[in-house]
Amino acid sequence: MFRILSLFLILAASVCAAQGAPAGGNAVPTQADLHRLDEALRLREDRMHARMLADDSVRTMLAFTSDPQRRSELAEKLGRRYSETQTDSAIAYFTLAASEAERAGLKSKAARNEALVAGHVALRGDMEEAIRRFEAVDTAGMCNSDKAVYFGEAMRGLYAVTNFYPDGLLRDGLLDDIRHNAADFVALMPDTLPVVHYVRGLLASMEGNMTLFEAELNWVTRSTDSSDPFNAMAHEGLAFHLLRNNLREEAIPHLITAACSELQNGVLTGAAPGLLARELLNIGDSQRGHALLQLSLDNARQANSKVRFAQASELTPMLAESLQRAVERRDLWIVVLCVVIVLLVALVLIDHVRQRRELKWARKVISYFNYSDEKRRNFFTGFLQLCALYIESLDDFTRTARRKMKAAQIEDLRKMIDSVDFFEAHADKFYKIFDTAFLQAFPHFVDDINLLLLPDKQVVPPEPESLTTELRVMAFMRIGFGDSSRIARFLGLSVNTIYTYRNRMRSRAISRDTFEDDLMQTGLSNCMLEE
């Protein structure tokens, strides 16, 4: 009686929809459940191929059998197998089974197959023909087991009609008819069959007794394995109940189990893939959700089940919305990636500029130290030259004085000592050596001094590599000789003369009060600015 599978699946959906719609949630299935699902999807084609081989074997037996009763049995078997994969083929084989049973004189069996044909015609969507066929079935001489099939198919057909009447009095009347047929079905079937417990559970759900509903469907899941179609149906029914109570975390594993069972058994008419697709899309698993939704649509097309098409098409807007969200997420990631790349490039450029500045500064520091070392060498060289000059002058003077004293040329010696030319010649040599050494140490000294003076009070050296007396006084002050008396002794001038030069330069300054302090800052940065 497992062909009633599709009826009970749809009936479960109707019951739960009538009592409440599932709410949103953030349930995430476990990796073990997702692995089971991925494995079932991967092996789906192999399962379908194995099912086709089994169907071919039964068809071969049917082709080589001439006995009407045996042919009716084989045709009904094929019809039940195709009821899970292809509705038109199932109708064809049930029609053949009814014809062969009629030919064999088996009236009850023929009526049973006519009921099966009517139920599958309803699944195909031909409602008027399905109702006509149900009315044409003669139930008077049917045995109890065949009547149970009739009631089961009547439930299927009635529910297929309710899909086109989602609400209103007509739907309520059809659901009442479904309850009556379900009750008649349970009364005629043995109590030990899983299908009986399943239908009892659905009846309890329709009557609002959810405790009995859970007990009956849990009994089915414990008493059957994944090869039994009612195992998948029971898991789907429990999933609907859990979704209605917003328990998605517990419902999704049931849907995964049902979907895996249908995939492993090669079932195309089940509802689990489409239902699971909806829940996976709701929690953001777009990849698996899209795969299962496409599978559900393909199954409905291959099975030619308009009811399944209608159910799968309800998920199309959700698929479109999910795809839109996926596109938006992709665009967002592209924007984020572009921003990150721009930031990285900016950081690299900033770091490059920073390193170039540090390198430039390092070169300036090296240049400064090299320049400072050169200044020290120049000062030391100038100092040695001055020392050598005075030693040489003193030696010459001493030899000349001894010679004149020995020759009693005292008057000549006195005249030589009193001679101005003698001292001026030595002073000129000193000035020349000092000017050269100082301007090598402070090559921009004259320009720096002029920056401190008024525009019309600028000083101009008499010639390159030389200083005027007033500039020489400023130079001595620059190298730390702040005492005018010391400067006077070095330059051979009076202290008043040094004061005069200092006051004269101060009077020409832009800022007279800070002139000498500004003078001490000259030459500090020029060498650092040169490459």
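Since the model is a prediction, treat every value here as computed from it, not as a measurement.

Calculation criteria
Residues numbered from 1 in each chain as written. Predicted model: local features only at pLDDT ≥ 70, side-chain atom pairs only at ≥ 80, totals over all residues. Heavy atoms only, no water. Helix = DSSP H or I, 4+ residues; strand = E, 2+ residues; numbered from the N terminus. Buried < 20%, exposed > 50% of the residue type's maximum accessible area, 1.4 Å probe, protein only. Contact = heavy atoms within 4.5 Å. Areas by Shrake-Rupley, 256 points an atom, 1.4 Å probe, with all protein chains shown as cover. Axes fitted to C-alpha atoms, helices over the stretch in contact; angles between N-to-C directions. Parallel < 35°, antiparallel > 145°, perpendicular 65-115°, else oblique. Left-handed = near helix turned anticlockwise from the far one by under 90°. Nonpolar A, V, L, I, M, F, W, Y, C, P; charged D, E, K, R; others polar. pLDDT = per-residue confidence, 0-100. Polar contact = N/O pair within 3.5 Å; in protein donor to acceptor, adjacent residues only side chain to side chain. Core = buried A, V, L, I, M, F, W, Y, C linked by side-chain atoms within 4.5 Å. Patch = residues over 30% accessible without salt bridge, like charges linked within 9 Å, V, L, I, M, F, W, Y side chains within 5 Å. Salt bridge = Lys/Arg side-chain N within 4 Å of Asp/Glu carboxyl O. Phe/Tyr/Trp six-rings, centres within 6.5 Å; stacked < 30°, edge-to-face > 60°. Expected span 1.5 Å × (residues − 1).

This part takes up the overall build of the protein. Looking only at helices and strands, the protein has 25 helices and zero strands in total. Burial statistics for the protein: of 531 residues in total, 44% are counted as buried. Taking all contacts inside the protein whose residues are at least 6 apart in sequence as the whole, residues at least 24 apart take part in 66%. When the accessible surface of the protein is totalled, it reaches about 27,800 Å², and 57% of it is carbon and sulfur.

Turning next to the packing of helix H2 (residues 31-42) against helix H15 (residues 286-303). Running from amino to carboxyl end, H2 crosses H15 at an angle of 40 degrees, the nearest separation of the two axes being 12 Å. Classified by the angle between their axes, H2 and H15 sit oblique to one another. H15 is crossed by H2, and the crossing has left-handed handedness. Together, Leu34, Leu37, Asp38 and Leu41 of H2 and Arg288, Leu292 and Leu295 of H15 make up the contact between the two elements. Looking at side-chain class alone, the contact of H2 with H15 contains five nonpolar, no polar and two charged residues.

Chain-level pLDDT for the protein is 78 on average; 77% of the residues reach the 70-or-more range. Across residues 1-26 the pLDDT falls below 50, and counting only partners more than four positions away or on other chains, this stretch makes 92 contacts in the model.

Tracing the chain through its elements places Lys107 in helix H6 (residues 107-124). Given a relative accessible area of 53%, Lys107 falls into the exposed group. Between the C-alpha atoms of Lys107 and Cys143, which are 36 residues apart in sequence, the distance is 9.8 Å. Side chain to side chain, Lys107 and Glu102 meet in a polar contact 2.6 Å long.

The subject of this paragraph is the side chain of Arg472. As for its position among the elements, Arg472 is in helix H21 (residues 469-478). Ignoring any residue separated from it by four or fewer positions in sequence, one finds Arg472 in contact with Tyr431, Phe434, Asp435, Leu467 and Leu491.

What follows deals with the nonpolar core. Grouped together as the largest cluster of nonpolar side chains are 30 residues, with contacts concentrated most on Phe438, Phe445, Ile449, Met474 and Leu491. Mapped by element, the contributors of at least two residues to this core are helix H19 (420-441), helix H20 (445-452), H21, helix H22 (484-491), helix H23 (495-507) and helix H24 (515-520). When near neighbours in sequence (up to four residues on either side) are disregarded, Phe438 contacts Phe445, Leu467, Ala475, Arg478 and Ile479. Residues Phe134, Leu202, Leu203 and Ala204 belong to the second largest nonpolar core, which totals 29 residues.

Moving on, we come to the environment of Ala488. Here Ala488 lies in helix H22. For the pair Ala488 and Ile498, spaced 10 residues apart in sequence, the C-alpha separation works out to 6.3 Å. Excluding anything up to four places from it in sequence, Ala488 contacts Leu493, Ser494, Val495 and Ile498.

As a further point, take a nonpolar patch on the surface. Judged by side-chain polarity, Leu332, Trp333, Val336, Val340, Leu344, Leu347 and Ile350 come together as a nonpolar surface patch covering roughly 720 Å² of accessible area. Of note, Leu347 is situated in helix H17 (residues 316-406). Judged by its relative accessible area of 54%, Leu347 is exposed.

It is worth spelling out the packing of aromatic side chains at this point. Under the defined criterion, the tally for this structure stands at eight aromatic pairs. Judged by centre distance (5.9 Å) and plane angle (15 degrees), the ring pair of Phe434 and Phe438 falls under stacked. In this pair, Phe434 and Phe438 both sit in helix H19, four residues apart, roughly one turn of the helix. Summarising the burial analysis for this pair, Phe434 and Phe438 share the class buried. Cluster of aromatic residues (ring-pair linked, three or more members): Phe434, Phe438, Phe442, Phe445, Phe476 and Phe481.

What follows covers helix H13 (residues 248-264). The end-to-end C-alpha distance of H13, which contains 17 residues, comes to 24 Å, matching closely the 24 Å that a straight helix rising 1.5 Å per residue would cover. Every buried residue belonging to H13 is among Arg248, Ala251, Ile252, Leu255, Ile256, Thr257, Ala258, Ala259, Cys260, Ser261, Glu262 and Leu263, and all of these are buried. Just beyond H13, the residue with positive phi is Gly266, at close to 70 degrees.

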